[in-house]
Amino acid sequence: MDHNTAFPVTRMRRMRHDDFSRRLVRQTRLSADDLIYPVFVLEGNDRVEPIPSLPGLERQSLDRLLRTAERALALGIPALALFPVVDAANKTPDAEEAYNPDGLVPRVVMALKREFPELGVITDVALDPYTSHGQDGLIAADDPQHYVLNDETLAVLARQALIHAQAGADIVAPSDMMDGRVGRIRRELDAAGLIHTRILAYSAKYASSFYGPFRDAVGSAGNLGKGNKKTYQMDPANSDEALREVALDLAEGADMVMVKPGLPYLDIVRRVKDEFAVPTYVYQVSGEYAMLKAAAQNGWLDERACVMESLLACKRAGADGVLSYFALSAAAWLKADG
């Protein structure tokens, strides 16, 4: 077929002339089924704490989170992703609270699955909310360089994932970027008979500057201080390396893979999807949310239009789903549009 027929025989604008014809040839569609809503949960009862760097979002105690979950379910959102806000007293160098079976995350998971069994629950497997130093792994006490230990961290991550799965988590999502953690977690889950617990691996997680508001939200920014995560998260300059990371995680048993952040890394999403054709997700991170919100609040952008365009761009790049702090708003807009 000749795709090079010249103007005026071919007029590309013809199919853009009316709404009905634009809809008929639309190649990418967004629905509530594509959205995962990240939420911040804290201890207590009837507690809500606004997050200044994430306008419109809150840290919520479990009773308030249950209302949020009910709303998400009513809007057709398939799953929530849980991120704990851990009290400072429970943060230690060895992150023991991460695998406490009576800890915040296991209790929240059990409550969510009891109240809303049809709602997917995704838990974050990483140590930064639980470490007194704010890193995603363990650090030797006598190391002046504070280098995050890989193999020693794997044992803690596997215990953490097991506790989450035993509490009822449908999906565990290791976001730590330690080498070999997917395989270690898969073996731990399978040995316990938890063969149906899925693993969503943050396979291509970059050492991005767009995570600032998230670290404020979970309270790890102060612990991290002037430290960084460049020895384990990916260099933003690298693309081929992302494919190696994804290949390794799939070989180790990942069911789904993640690229993080979102819009600045859609080229990575496309490469991953083209190369592996596996369930591929992208995280529209806190910095992306904060920028869009700030611009909208200043009247510089149309929030709804720009949010929906950004989510559609994630889908167009090849993502099967998007973790987004706009998920509730986007699902409501989609529902209103019929």
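Before reading on, note that the structure itself is shown above.
In this report, the structure presented in the accompanying data block is examined. (Residues numbered from 1 in each chain as written. Predicted model: local features only at pLDDT ≥ 70, side-chain atom pairs only at ≥ 80, totals over all residues. Heavy atoms only, no water.)

### Some remarks on the overall build of the protein chain
Just so we agree on the cut-off: What counts as a helix is a DSSP run of H or I of at least four residues, what counts as a strand is a run of E of at least two, and both are numbered from the N terminus. With C-alpha atoms as the basis for the radius of gyration, the globule rule is written as 2.2 Å multiplied by the number of residues raised to the power 0.38. A simple rule labels every residue: compare its accessible area, found with a 1.4 Å probe on the protein chains alone, to the largest value its type can have, and call it buried under 20%, exposed over 50%, or partly exposed in between. Should any heavy atoms of two residues lie within 4.5 Å, those residues are counted as being in contact. The protein chains shown are the only cover counted for residues, whose accessible areas, like all others here, come from Shrake-Rupley with a 1.4 Å probe.
In terms of helices and strands, the protein chain carries 12 helices and 12 strands. A compact globule built from 338 residues would reach a C-alpha radius of gyration of about 20 Å, and the protein chain, at 21 Å, matches this within 12%. Principal-axis analysis of the C-alpha atoms places the extent of the protein chain at approximately 75 × 45 × 40 Å. For the protein chain, the proportion of its 338 residues judged to be buried stands at 52%. Excluding contacts between residues fewer than 6 apart, the proportion of contacts in the protein chain whose partners are at least 24 apart in sequence is 74%. Per element, the accessible surface of the protein chain, about 15,800 Å² overall, is 51% carbon and sulfur.

### Re the packing of aromatic side chains
What counts is decided by this rule: Two aromatic rings, drawn from Phe, Tyr or Trp (for Trp, its six-membered ring), form a pair once their centres lie within 6.5 Å of each other, and the interplanar angle then sorts them: stacked below 30 degrees, edge-to-face above 60, tilted otherwise.
Going through the model one piece at a time under the given rule, you end up with 10 aromatic pairs. Between Y283 and Y325 the ring centres are 6.0 Å apart and the planes differ by 45 degrees, which places this aromatic pair in the tilted class. One end of the pair, Y283, is in strand β11 (residues 280–284); the other, Y325, is in the loop between β12 (321–324) and α12 (327–336), and 42 residues separate them in sequence. An identical accessibility class is assigned to Y283 and Y325; each is buried.

### Details of the pattern of salt bridges
We apply this condition: Within this document, salt bridges are pairs made up of a side-chain nitrogen of Lys or Arg and a carboxyl oxygen of Asp or Glu, the two lying within 4 Å of each other.
Under the defined criterion, the tally for this structure stands at 19 salt bridges. Within this structure, D19, R22 and R23 form a network of salt bridges that share partners.

### Remarks on unusual backbone geometry
The omega torsion across F7 and P8 is 10 degrees, close enough to zero to call that bond cis. When you line up the elements, P8 lands in the segment before α1 (19–24). Located in the positive-phi region is D46, a residue other than glycine, with phi close to 55 degrees. If you trace the backbone, D46 turns up in the loop between β1 (35–42) and β2 (48–50). Residues other than glycine seldom take positive phi values, yet H146 does so here, at roughly 55 degrees. With respect to the helices and strands, the residue H146 is situated in the loop between β6 (138–139) and β7 (148–149).

### Side note on the side chain of H164
Assignment of secondary structure puts H164 in helix α4 (residues 150–167). Sequence-distant contacts of H164, that is, excluding residues within four places in its chain, are made with A98, V105, V109, T123, D124, V125, A169 and V172.

### A closer look at the nonpolar core
Rules: We define a nonpolar core as any set of buried Ala, Val, Leu, Ile, Met, Phe, Trp, Tyr and Cys residues linked to one another through side-chain atoms lying within 4.5 Å.
Ranked by size, the top nonpolar core spans 107 residues in total, and within it F40 and Y283 carry the most contacts. Excluding its chain neighbours within four sequence positions, the residues that come into contact with F40 are I51, L54, E58, R59, Q60, F83, V85, F214, A217, V218 and Y325.

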